[in-house]
Amino acid sequence: MTTEHTQQPQDQTGHTRRRFLAGAGGVAGALALWPAGGASAASGKRVAVLGGGVSGLSAAHELAERGYAVTVYEYYDALGGKARSMDVPGTGTDGRRPLPAEHGFRFFPGFYRNLPDTMRRIPFPGNASGVHDNLRSGTEALFARGSGHPDLHFPLRRATTSPRPGDLTPSWIRDQLLSVLDLGTRLPAHEAAYFADRVLVHLTSCDARREGQWEKVAWWDFIRAEEMSGEYQTLLGVGQTRNLVATRAEVASTRTVGRVIIEALLLWGLLGRGMDGDADVDRVLNAPTSEAWIDPWETHLRSLGVEFVPGTQVREIVYESGRVTGVRVSARDGGQERTVTAEHYVCAMPVEHARVTWGRALRAADPQLARCDALQTDWMTGVMFYLRTPTPVVHGHLNCLDSPWSVTGIGQAQFWDVRDFSRDYGDGRAHDCLSAIISEWDKPGILYGKTARECTKDEIVAELWAQLKDGLNDAGKTTLTDADRLGWFMDPAVTGLGGPDPQNREQLLVHPTGTLYNRPSARTKVPNFFLAGDYVRTDVDLATMEGANESARHAVNALLDADHSDAERCEIRELYRPPEMEPLKRVDEVRYRLGLPNTFDLG
Ligand SMILES: Cc1cc2nc3c(=O)[nH]c(=O)nc-3n(C[C@H](O)[C@H](O)[C@H](O)COP(=O)(O)OP(=O)(O)OC[C@H]3O[C@@H](n4cnc5c(N)ncnc54)[C@H](O)[C@@H]3O)c2cc1C
């Protein structure tokens with residue numbers, strides 16, 4: 001943990017070490033969880049998976065279940081990529097574990113259905129449905145307002161009774177939206193009505209219009225935020241885009257925000273439609289991510305025969321005579337290069353790292369690889385605050401709507417019901433950790449008037465804390481006190497802060513308009529080369545762990561096709577499509593072809 005002005009102990013890469021688990025694990029019950037017919041394929045062919053994040057591990061999982069001999073090459077000493085948690089070195093005393101840290105907190109919305117399926121197939125002692133049983137529901141979201149304005153507590157429990165058949169009409173949805181906006185916000189009535197109408201436009205737009213028209217329109221313009229009140233801009237513009245997915249509202253794709261945030265997450269989530277079983281809208285793990293999910297996954301994959309080569313940096317994917325013939329790798333950040341080979345290659349690195357390993361010949365073989373150069377990533381990074389007293393804040397996530405750095409957060413110990421924080425972690429003094437994320441690194445803050453990118457690490461922490469307090473300590477409440485703050489930790493993937501050229505090795509794909517057109521498919525024109533990762537084209541279309549998992553399923557299916565395998569294909573679950581909207585979408589399809597606007601689109 002960093003107490004004020006103390007630097008983190010780091011390994012030679014600048015990263016806190018969390019060692020790979022040793023041994024094959026042999027988790028009881030693993031075989032029983034294999035899909036029927038899967039393991040019997042047993043081709044034994046070798047697959048190199050490049051990258052050990054959620055996409056790489058998901059691909060390894062599906063392939064190993066189908067009898068492939070999988071080796072995962074990973075840059076770090078730990079698996080899980082951006083999703084993993086990490087130890088704060090030197091902080092565990094008297095048999096306690098080191099304090100847990102992470103790149104950013106983990107949210108598993110109820111509409112995810114591919115990732116939860118994988119989680120059910122990762123055995124965990126005492127759990128009938130594997131690590132999936134380690135998910136817990138958050139029941140409320142807190143939209144904290146700054147400068148003394150009252151906060152909005154938004155209940156997130158799914159409706160227990162779905163609308164009756166026939167009730168789910170555009171006017172019913174409009175009425176529901178209006179009553180929520182009327183009860184919970186200070187929006188002028190005409191602005192709320194305009195927003196509700198825009199939701200209906202997107203909801204009833206056919207797929208072709210969503211792809212051909214709304215993908216090109218920024219969310220900000222779609223909801224005409226520029227002409228509306230500051231409240232409208234903050235709540236419905238920035239609050240639904242930059243804060244949640246790090247993309248600026250002024251440029252975010254309407255198709256992505258409309259389909260995923262407004263429809264899948266909020267609308268269908270609250271109505272309990274298309275969810276993972278009886279999941280609530282908001283779910284988190286019951287312990288630090290690596291303990292509750294990634295470490296058991298590694299154990300399970302080892303039991304399926306997957307091998308891991310940590311500390312390995314992919315340098316170049318070698319392409320010759322129409323195929324990938326090997327991968328040039330070295331030790332992390334240096335050392336002698338060597339070539340590793342396999343029959344098939346799944347590239348599961350994030351786009352900004354993957355594309356530098358694709359040489360000219362490989363790019364020439366499939367033009368969609370070069371189009372990935374147009375995909376954009378941005379900074380979105382968390383800070384963990386360790387607190388002396390339990391500080392749940394809200395039973396779910398916190399969105400500091402007025403914070404210039406688009407701050408979100410969660411009080412974690414309340415959900416870690418299989419842990420006692422002070423008994424299990426650190427030196428016993430910390431009783432909670434507040435995990436906060438900065439999604440806006442380019443706007444001046446409230447303490448120093450500097451952007452996060454311009455600040456030193458200490459300044460970032462002080463500024464972030466001030467913005468959290470501005471959101472939480474008002475209207476007669478004091479949720480956070482300086483005396484309660486024991487220390488903090490930020491992922492050392494962010495380096496050089498306060499200097500001329502700060503870097504962040506773990507960036508996130510963002511979704512400005514037109515991103516969809518540059519997203520590659522998992523299947524490439526190279527017969528033994530496949531792409532997995534949150535930037536790959538998927539139905540969920542948002543850079544998330546769900547997207548990473550879905551992309552891996554597509555990659556494995558493409559590999560099975562290329563291999564003429566008779567193994568069962570990975571199931572791919574798409575976002576919920578309400579049957580009530582289909583007739584309206586069919587009408588819209590005709591109108592779109594005729595060059596007419598959507599029926600509800602009054603401009
Ligand atoms: C702050 C933050 C919070 C987030 N919160 C959520 C959330 O709550 N819910 C959600 O669903 N999603 C969330 N996301 C998004 C999610 O983390 C990612 O979309 C997802 O983890 C991506 O998985 P991936 O496998 O595609 O990539 P990564 O997680 O980046 O994994 C890729 C792996 O490849 C390795 N690698 C990179 N380069 C090389 C190389 N040259 N050689 C070898 N290995 C290499 C990396 O070390 C890494 O382990 C969040 C993202 C951020 C940044």
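Residues numbered from 1 in each chain as written. Predicted model: local features only at pLDDT ≥ 70, side-chain atom pairs only at ≥ 80, totals over all residues. Heavy atoms only, no water.

1. Remarks on helix α10 (residues 289–303)
- Compared with the 21 Å implied by 1.5 Å per residue over 15 residues, the 20 Å span of α10 between its first and last C-alpha is a close match.
- With 14 of 15 residues buried, α10 lies mostly within the body of the structure.
- In the stretch just after α10, glycine 305 is the one whose phi turns positive, near 100 degrees. (Helix = DSSP H or I, 4+ residues; strand = E, 2+ residues; numbered from the N terminus. Expected span 1.5 Å × (residues − 1). Buried < 20%, exposed > 50% of the residue type's maximum accessible area, 1.4 Å probe, protein only.)

2. Observations concerning the packing of helix α1 (residues 54–65) against helix α17 (residues 545–562)
- With their axes 8 Å apart at the nearest point, α1 and α17 run at an angle of 40 degrees to one another. Looking at the two axes, α1 sits oblique to α17. Note that α1 runs across α17; the crossing there is right-handed. Where α1 abuts α17, its residues Val54, Ser55, Ser58, Ala59, Glu62 and Leu63 lie against Met545, Ala548, Asn549, Ser551, Ala552, Arg553, Val556 and Leu559.
- Of the residues contributing to the contact of α1 with α17, the split by class is eight nonpolar, four polar and two charged. (Axes fitted to C-alpha atoms, helices over the stretch in contact; angles between N-to-C directions. Parallel < 35°, antiparallel > 145°, perpendicular 65-115°, else oblique. Left-handed = near helix turned anticlockwise from the far one by under 90°. Contact = heavy atoms within 4.5 Å. Nonpolar A, V, L, I, M, F, W, Y, C, P; charged D, E, K, R; others polar.)

3. Details of the confidence of the model for the protein chain
- Mean pLDDT over the protein chain works out to 91, with 92% of the residues at or above the 70 mark.
- The model gives residues 3–42 a pLDDT under 50, and that stretch makes 91 contacts with residues more than four places away or in other chains. (pLDDT = per-residue confidence, 0-100.)

4. Here we look at the pattern of salt bridges
- What the rule picks out here adds up to 44 salt bridges.
- With a closest N to O distance of 3.2 Å, arginine 210 and glutamate 263 form a salt bridge. Residue arginine 210 is located in helix α5 (residues 207–212), and its partner glutamate 263 is located in helix α9 (residues 254–271); the two are separated by 53 residues in the primary sequence. For the residue pair arginine 210 and glutamate 263, the accessibility class agrees, reading buried in each case.
- Across the pair aspartate 561 and arginine 523 runs a salt bridge, and its minimum N-O distance is 3.0 Å. Here aspartate 561 is found in helix α17, whereas its partner arginine 523 is found in the loop between α16 (515–518) and β23 (529–531), with 38 residues between them in sequence.
- The class for aspartate 561 is partly exposed, based on a relative accessible area of 32%. (Salt bridge = Lys/Arg side-chain N within 4 Å of Asp/Glu carboxyl O.)

5. Here's the deal with the packing of α1 against α10
- Axis separation between α1 and α10 bottoms out at 11 Å; the angle between their running directions is 30 degrees. Classed by the angle they form, the pair α1 and α10 counts as roughly parallel. The way α1 lies across α10 gives a crossing that is left-handed. Counting all contacts with α1, which are made through Val54, Leu57, Ser58, Ala60 and His61, the residues of α10 involved are Trp293, Ile294, Trp297, His300 and Leu301.
- Residue composition of the contact of α1 with α10, by class: seven nonpolar, three polar and no charged.

6. Remarks on the site of the ligand
- The immediate surroundings of the ligand are formed by 33 residues, with Ser55, Glu74, Phe107, Tyr112 and Asp534 found nearest.
- Interatomic distance of 3.3 Å between a backbone N/O atom of phenylalanine 105 and a nitrogen atom of the ligand.
- In this structure, tyrosine 112 approaches the ligand through a side-chain N or O atom, which is 2.6 Å from an oxygen atom.
- Those elements that provide at least two residues to the shell around the ligand are α1, β10 (312–320) and α17. (Near = heavy atom within 4 Å. Polar contact = N/O pair within 3.5 Å; in protein donor to acceptor, adjacent residues only side chain to side chain.)

7. Some words on the packing of aromatic side chains
- Evaluated as defined, the whole model comprises 15 aromatic pairs.
- Summarising the aromatic geometry, the rings of tyrosine 75 and tyrosine 76 are spaced 4.9 Å apart at their centres and angled 80 degrees between planes, so their arrangement reads as edge-to-face. In terms of burial, tyrosine 75 and tyrosine 76 fall into one category: buried.
- Pairwise contacts between aromatic rings join Phe195, Trp214, Trp219, Phe222 and Tyr232 into one cluster.
- Lying over the aromatic face of phenylalanine 222, arginine 198 brings its terminal NZ or CZ to 4.4 Å of the ring centre. (Phe/Tyr/Trp six-rings, centres within 6.5 Å; stacked < 30°, edge-to-face > 60°. Lys NZ or Arg CZ within 6 Å of the ring centre and 35° of its normal.)

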